[in-house]
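Coordinate inspection notes
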Amino acid sequence: MAFIEIKNLHVSVDGKEILKGINLAMNGGEVHAIMGPNGTGKSTLSYVLAGRDGYEVTQGTVLFDGKSLLEMEADERARAGVFLAFQYPMEIPGVATSTFLKAALNAKRREQGLAEIDAIEFLNLIKSKTKDLEIPYEMIKRPLNVGFSGGEKKRAEVLQMSLLDPRFAVLDETDSGLDIDALKVVSSGVNALRSPDRTFLIITHYQRLLSYIVPDYVHVLVGGRIVESGDKSLAELLEAEGYARFEENEAA
Amino acid sequence: MLASKRTKRLKAVKTMTAGKLDGKMAFDDTYANAVGALPGANESWVDRLRQTSRAILGAHGIPGPKTEAWKYTSLNAVANTPFIPATKVDDVDLSSLPLVAPFLENAIKVVFINGVFRRDLSDEFDGLGVGVAITPFADVLNTSPNSLKDVLGVFMEPGESFTAAMNTGFMEQGAVIHLSSDVQLEQPIQLISIGASGSVPCAFHPRFEIVLEAGALATVVESHFGLPGQPYLSNPASEILLGERAILNHYITASDDSDAFHLGRTAVSVEKNAKYDSFILSLGGGLVRREIKVRLEGDSAAATVDGAYGLSGNQHSDILSEILHLAPETVSNQMVKGVLAGDTRGVFQGRIYVARDAQRTNGRQLHKALLLNRGPEVDCKPELEIYADDVQCAHGATTGEMDPGHIFYLMSRGIDETAARALLVEGFLDDVVLSISDEPARKLVLKMVKTWLAKQEILTIGET
Ligand SMILES: Nc1ncnc2c1ncn2[C@@H]1O[C@H](COP(=O)(O)OP(=O)(O)OP(=O)(O)O)[C@@H](O)[C@H]1O
Ligand SMILES: [Mg+2]
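Worth saying up front: this structure is predicted, and the values here are computed from it rather than measured. (Residues numbered from 1 in each chain as written. Chains lettered and ligands numbered in written order. Predicted model: local features only at pLDDT ≥ 70, side-chain atom pairs only at ≥ 80, totals over all residues. Heavy atoms only, no water.)

1. Here we look at the sheet that holds strand β7 (residues 168-172) of chain A
Residues and elements named next belong to chain A. Read across the open sheet, the six strands follow the order β6-β7-β8-β3-β9-β10; overall the sheet is mixed. Each edge of the open sheet is held by one strand with a lone partner, namely β6 (82-85) and β10 (225-230). If you compare each strand with its neighbour and ignore which way they point, the axes differ by 20 degrees on average. As defined by bridge partners, β7 adjoins strand β8 (residues 199-203) across five bridges and the pair is classed as parallel. Across the sheet, residue Val170 finds its bridge partner in β8, namely Leu201. Here helix α5 (residues 150-164) sits on the sheet and contacts β6, β7 and β8; the angle it forms with β6, its principal contact strand, is near 170 degrees. (Pairing = 2+ DSSP bridges. Helix = DSSP H or I, 4+ residues; strand = E, 2+ residues; numbered from the N terminus. Axes fitted to C-alpha atoms, helices over the stretch in contact; angles between N-to-C directions. Contact = heavy atoms within 4.5 Å.)

2. A closer look at the nonpolar core
The biggest cluster of nonpolar side chains holds 112 residues, and the ones touching the most others in it are Ile6 and Phe168 of chain A. The residues touching Ile6 of chain A, leaving out its near neighbours within four places in the chain, are Ile22, Asn23, Leu24, Met26, Leu45, Leu49, Thr61 and Val62 of chain A. (Core = buried A, V, L, I, M, F, W, Y, C linked by side-chain atoms within 4.5 Å. Buried < 20%, exposed > 50% of the residue type's maximum accessible area, 1.4 Å probe, protein only.)

3. Thoughts on the environment of Arg208 of chain A
Residues and elements named next belong to chain A. Along the chain, Arg208 turns up in helix α7 (residues 207-212). With relative accessibility at 46%, the residue Arg208 sits in the partly exposed group. Arg208 has contacts with Ile180 and Leu183, leaving out every residue within four places of it along the chain.

4. Let's talk about the packing of helix α3 (residues 97-111) of chain A against helix α4 (residues 119-132) of chain A
All names here are of chain A. Relative to each other, α3 and α4 sit at 110 degrees, their axes nearing to 12 Å. Between α3 and α4, the angle falls in the class roughly perpendicular. α4 is crossed by α3, and the crossing has right-handed handedness. Between α3, through Ser98, Leu101, Lys102, Leu105 and Arg109, and α4, the contact on the second element is made entirely by Ala119, Glu121, Phe122, Leu125 and Ile126. The class makeup of the residues in the contact of α3 with α4 is six nonpolar, one polar and three charged. (Parallel < 35°, antiparallel > 145°, perpendicular 65-115°, else oblique. Left-handed = near helix turned anticlockwise from the far one by under 90°. Nonpolar A, V, L, I, M, F, W, Y, C, P; charged D, E, K, R; others polar.)

5. Here's the deal with the site of ligand 1
All names here are of chain A. Close to ligand 1 lie 15 residues; Gly39, Lys42, Ser43, Thr44 and His205 are nearest. Residue Gly39 places a main-chain N or O atom 2.8 Å away from an oxygen atom belonging to ligand 1. Measuring from an oxygen atom of ligand 1, one finds a backbone N or O atom of Thr40 at 3.2 Å. Burial of ligand 1 by the protein amounts to 64% of the accessible area it has alone, namely 640 Å². Mapped by element, the contributors of at least two residues to the shell around ligand 1 are β2 (16-26) and α1 (42-50). (Near = heavy atom within 4 Å. Polar contact = N/O pair within 3.5 Å; in protein donor to acceptor, adjacent residues only side chain to side chain. Areas by Shrake-Rupley, 256 points an atom, 1.4 Å probe, with all protein chains shown as cover.)

6. Brief notes about the coordination of the magnesium ion (ligand 2)
All names here are of chain A. Bound to the magnesium ion (ligand 2) are the protein donor atoms Ser43 (OG) and Gln87 (OE1), situated 2.0 to 2.1 Å from the metal. On the criterion of sequence distance, the pair formed by Ser43 in helix α1 and Gln87 in the loop between β6 and α3 is long-range, its members being 44 residues apart. Comparing Ser43 with Gln87 shows no difference in burial state: the two are buried. (Donors = N, O, S within 2.8 Å, 3.2 Å for Na, K, Ca; no water.)

7. Digging into the pattern of salt bridges
Residues and elements named next belong to chain B. Here the structure, examined in full by the defined rule, presents 38 salt bridges over all chains. A salt bridge links Arg289 to Asp318; the shortest N-O distance between them is 2.7 Å. Placement of Arg289 in strand β15 (residues 287-296) and of Asp318 in strand β17 (residues 316-325) is noted, with a sequence separation of 29 residues between them. The exposure class assigned to Asp318 is buried, which follows from its relative accessible area of 1%. Here Glu401 and Arg374 are joined by a salt bridge, their closest N and O atoms 3.3 Å apart. Of this pair, Glu401 sits in strand β22 (residues 391-401) while Arg374 sits in the loop between β20 (361-371) and β21 (377-386), and the two are 27 residues apart along the sequence. Residue Arg374 is classed as exposed on the basis of its relative accessible area, which comes to 73%. Bridged by salt links that share partners, the residues Glu157, Glu160, Arg265, Arg289, Glu291, Lys293, Asp318, Glu322, Arg351 and Glu385 form one connected network. (Salt bridge = Lys/Arg side-chain N within 4 Å of Asp/Glu carboxyl O.)

8. Re the sheet that holds strand β1 (residues 4-13) of chain A
Pairing between the strands of a sheet is mediated by backbone hydrogen bonds and can be parallel or antiparallel. Residues and elements named next belong to chain A. Strand order in the open sheet formed by four strands is β2-β1-β4-β5, and the pairing between neighbours is antiparallel. The strands lining the two open edges of the sheet, one partner per strand, are β2 and β5 (67-68). Bridge count between β1 and strand β4 (residues 56-64): seven bridges; the pairing is antiparallel. Counterpart to Ser12 in the pairing with β4 is Glu56.

This is how it looks when you write it as structure tokens:
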């Protein structure tokens, strides 16, 4: 059985069906990319996997390491190793980034039966991670995402991912808003995390990201369904041709 | 010279008599008789001040809902409690005090129990240096009342505020803080007022007079709290005069016992280029009413009047704020945030007044309330009254529940729902607390918010 198995997943929002039968199996260590036009349900899929309220699963199952993911609360999923890098990370006034990071890290450690992280150890950990991702250390003293630039928010998401060490990471348009240099930094951050027991689902509009983080599989999501899957060359094809071909099929 | 200044100022403040009050009586003759003779009683203007205030109380009684300023806050419970003057309370057990006291590190502490100054519990505050004087209020009234002529009763307006009238009618002890020109006091002063009723409910009316001469600088923290037991009524009043270029950081924390009543008022006059920087934290008490009136009297005078409150159980909190821009280029900033749980009620009445001459004035006011369930009620009445034409004034108010998106964001990182809510509530309040400019005071307030949250069961209630 695959590490993550999405079977015939149908999801509605406010009575409107957005996902219309997604099937996707991902093994440990694989990197899958999803591409597709705006509004076809990519973020919806990411939220359903992360456990956000307001998405009604009308059919289908998701197995994560053999367990039914959809029956778990968002926080349980996270502690079990699911991570979502948000397309639009939220600004949380008054909550210092460092306070938040520590709370998240300790929640995970408690689950693993570990003691809370020691203050110095935490500081050193954050220092080295922020350095790797070229994030100014001062930023973690600021309220979470408040006033962060678009690119800073995306880097902060990757920082959180690297800190929480997930087994299944969904990256929703983490490349959008990043400048050319930042894209390289963030990509090498992600590549550094690639390992046989970590699976990535990378949502993007641009082939450029996938030339840095080379995926094992590329899927095309149109109209709430995966209409084609292939290897990295599919991304190059899409970059050249766009989605017209699939959308015609969809309309037909 | 002094007298004319007082008269001039009094005229400027133009004490108005309150409108029609539909009051009941408390603090009647029985209470007044029990209070007896008070310090400064043989100084005629001090005596007159008290008598006038008592006459106002006598004529109007305790205000009811027909009085605009008390529309949202009922004083029935206060009227129906037979308080005795706190000086008559038997000695109270203070053994649990260190556990509950929000002490400010490093401050000069001046302690009052039931309004009575306790030198034994206070820090030494004689000889703080040239130009710095902290003196017990009663001592000043007894020995040199005329030194207060410029300020005492000038800004408090007993005719306009029941809270002020009650304090002024019965003021007895308290503190006078005076800084001479250009004296900068680094060490903060903490005025600590502790309520603790004996076997009967008691009331006390501490009076703080703070005068900073031109160019002086000080930080004063007022902390009001109490010990569990019979309800008490804490009725403090602070009257503040800031000379040109003076800067006062004035932070009030009110975390009284849950059965207690707290009716407090701050009246401030800010002269040219001076700055009044303030914060009110209100977390305790059954009924808390904080009034503040700031008069920006001189060109470019500035005031920050921020605050935060947290309510649970059946608590009721009422903040009444008036900021008067009376001179050109004056600036005021106000952000008040409240968190409400249980069956509570929060009231914010904020008025910004801009006089015709106060051109190029800048006034900002914002009240934000966060409701943690469907029980609480928020009443917010902002008022802008502008007579100048070249001004920038903005006000706003929001009342809302916690953003489910924010809760999800935190939970998606493994933080459980209760902890996520706690972080968000704390963040909501900290957002304004972090603007406290004085670091030790900021830390104290942050800690008090955290402690308050840790005690509340409010955070789990919102779960479906
Ligand atoms: N809460 C909601 N209420 C109504 N419609 C919604 C809601 N959330 C999503 N939708 C709709 O679902 C569809 C899919 O949205 P989704 O965000 O998943 O698209 P996407 O593929 O991520 O698009 P993009 O590439 O622009 O990020 C859109 O038509 C969107 O308007
Ligand atoms: Mg999207």
